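Residues per chain are reported as follows:
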Amino acid sequence: MGDVHGPIPAGGVSLQLLDSAQGQPIQTWRFSDQREITIGREDGNDIVIPDPHVSRLHVTLYAADDSWMLVSRGRHGTLIDNRYKILEKIGEGVIENLFK
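This structure is a prediction, so every number in the text was calculated from the model and none was measured.

The number of helices and strands found in the chain is zero helices and ten strands. Listing the helices and strands of the chain from first to last along the sequence gives β-β-β-β-β-β-β-β-β-β. Each of the 100 residues in the chain was classed as buried or not, and the buried ones make up 41%. A sequence separation of at least 24 residues applies to 31% of the contacts in the chain between residues at least 6 apart. Only carbon and sulfur atoms are counted for the fraction: they give 44% of the accessible area of the chain, which is about 6,300 Å².

Below you can see the structure in the form of structure tokens.
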């Protein structure tokens with residue numbers, strides 16, 4: 001099977017984990033050379049969130065056509081901008097509100 005990923009968007013991607021009560025960043029991660037990023041509570045993910053509301057493999061982000069695609073891997077979707085999403089194209093800038 002061929003490579004399904006596109007080139008890494010210029011500048012990579014920054015991800016922020018926000019405090020659900022205050023909306024303030026708790027932690028920030030920066031990826032500039034990966035074309036796929038996994039997020040979940042299980043060891044082995046690129047970002048590990050040890051929270052029972054986070055699936056073992058919660059989200060995969062992958063580079064596609066100079067942007068990022070977010071694929072929710074958990075049973076209930078992923079909260080983005082106060083809406084549950086399964087698949088979402090992410091443009092330039094920081095991805096916020098992935099977890100609340």
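There's plenty left to go through after this.
Another point: the sheet that holds strand S5 (residues 59-64). The strand order across the open sheet formed by five strands is S4-S3-S5-S6-S9, and the pairing between neighbours is mixed. This sheet does not close on itself; its edge strands, each paired only once, are strand S4 (47-48) and strand S9 (87-90). Sheet topology note: the strand S6 (residues 67-72)/S9 ladder contains four bridges and is antiparallel. Directly across from Val71, in S9, lies its bridge partner Leu87.

Counting 17 residues, the largest nonpolar core has Leu15, Ile37, Ile39 and Leu61 as the members making the most contacts within it. Of all elements in the fold, only strand S1 (13-18), strand S2 (25-31), strand S3 (36-40), S5 and S6 reach the threshold of two or more residues within this core.

Further remarks concern the side chain of Thr60. Its place among the elements puts Thr60 in strand S5. Of the polar contacts made by the side chain of Thr60, one reaches the side chain of Arg73; its length is 3.2 Å. Dropping the residues within four chain positions of it, Thr60 is found in contact with Glu36, Ile37, Thr38, Met69, Leu70, Val71 and Arg73.

What follows concerns the side chain of His58. Relative to the helices and strands, His58 resides in the loop between S4 and S5. The class for His58 is buried, based on a relative accessible area of 6%.

With six of its six residues buried, S6 lies for the most part within the structure. Alternating positions in S6 separate into two faces, Ser67, Met69 and Val71 on one and Trp68, Leu70 and Ser72 on the other, with burial throughout. Here S5 pairs with S6 via six bridges, running antiparallel. By the bridge assignment, Ala64 is partnered in S6 with Ser67.

It is worth spelling out the pairing of S3 at this point. With four of five residues buried, S3 is to be regarded as a mostly interior element. Sheet topology places S3 next to S5; four bridges connect them, and they run antiparallel. For Thr38, the partnering residue across the bridge sits in S5 and is Thr60. Looking at chain direction, S3 and S4 are connected through two bridges and run parallel. Bridge pairing in S4 places Gly40 opposite Val48.

Each value, and the rule that gives it
- Residues numbered from 1 in each chain as written.
- Predicted model: local features only at pLDDT ≥ 70, side-chain atom pairs only at ≥ 80, totals over all residues.
- Heavy atoms only, no water.
- Helix = DSSP H or I, 4+ residues; strand = E, 2+ residues; numbered from the N terminus.
- Buried < 20%, exposed > 50% of the residue type's maximum accessible area, 1.4 Å probe, protein only.
- Contact = heavy atoms within 4.5 Å.
- Areas by Shrake-Rupley, 256 points an atom, 1.4 Å probe, with all protein chains shown as cover.
- Pairing = 2+ DSSP bridges.
- Core = buried A, V, L, I, M, F, W, Y, C linked by side-chain atoms within 4.5 Å.
- Polar contact = N/O pair within 3.5 Å; in protein donor to acceptor, adjacent residues only side chain to side chain.

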